[in-house]
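# Observations on chain architecture
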Amino acid sequence: MSAAKIRKLTDEQRSVDLKAVEEAGWKVQSDRDAIYKEFTFRDFNEAFGFMTRVALRADKVDHHPEWFNVYNRVNITLSTHDCGGLSERDIALATFIDGAAKLFV
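These remarks concern the structure in this document. (Residues numbered from 1 in each chain as written. Predicted model: local features only at pLDDT ≥ 70, side-chain atom pairs only at ≥ 80, totals over all residues. Heavy atoms only, no water.)

### A word on a nonpolar patch on the surface
Heads up, the condition is: Surface patches are drawn from residues lacking salt bridges whose relative accessible area is over 30%; two like charges belong together within 9 Å, two nonpolar side chains (Val, Leu, Ile, Met, Phe, Trp, Tyr) within 5 Å. The protein chains shown are the only cover counted for residues, whose accessible areas, like all others here, come from Shrake-Rupley with a 1.4 Å probe. Salt-bridge detection follows one rule: a side-chain nitrogen of Lys or Arg within 4 Å of a carboxyl oxygen of Asp or Glu. Counting from the N terminus, the helices are DSSP H or I runs at least four residues long and the strands are E runs at least two residues long. Buried residues are those whose accessible area, probed at 1.4 Å on protein chains only, stays under 20% of the maximum for their type, while exposed residues exceed 50% and partly exposed ones sit between those limits.
Among the surface-exposed residues, Phe44, Phe48, Phe68, Val70 and Tyr71 lie close enough to one another that they form a single nonpolar patch of about 520 Å² accessible area. Within the fold, Phe44 resides in helix α2 (residues 44-61). Overall, Phe44 belongs to the partly exposed group, its relative accessible area being 39%.

### Here we look at unusual backbone geometry
Its identity as a non-glycine residue notwithstanding, Asp62 has a phi of 55°, on the positive side. Mapping Asp62 onto the fold places it in the loop between α2 and β3 (66-70). Unlike most non-glycine residues, Tyr71 shows phi in positive territory, near 45°. Within the element layout of this structure, Tyr71 appears in the loop between β3 and β4 (73-78).

Next comes the structure, spelled out in structure tokens:
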């Protein structure tokens, strides 16, 4: 998707789509238009397996998370740099990430 076609979430999308990911545990950042969530796994192997699954999807859809990993914890921030804030891409990737995390529970 070209940068010209990527748009920030509308007010309606924020009240419906963003609310849905917030209910799944994603937090809107106070200092920027982004969402954040922390994941904890049993060990490093599970955390790395989860990150690999997310990385393959992110590369396929050309939308890459900001993330940080220490042992069994993975912290993820999503924002669309091409539009300077949250877009449908972030909602879609957050939804995928939540599904991927469930595979390790």
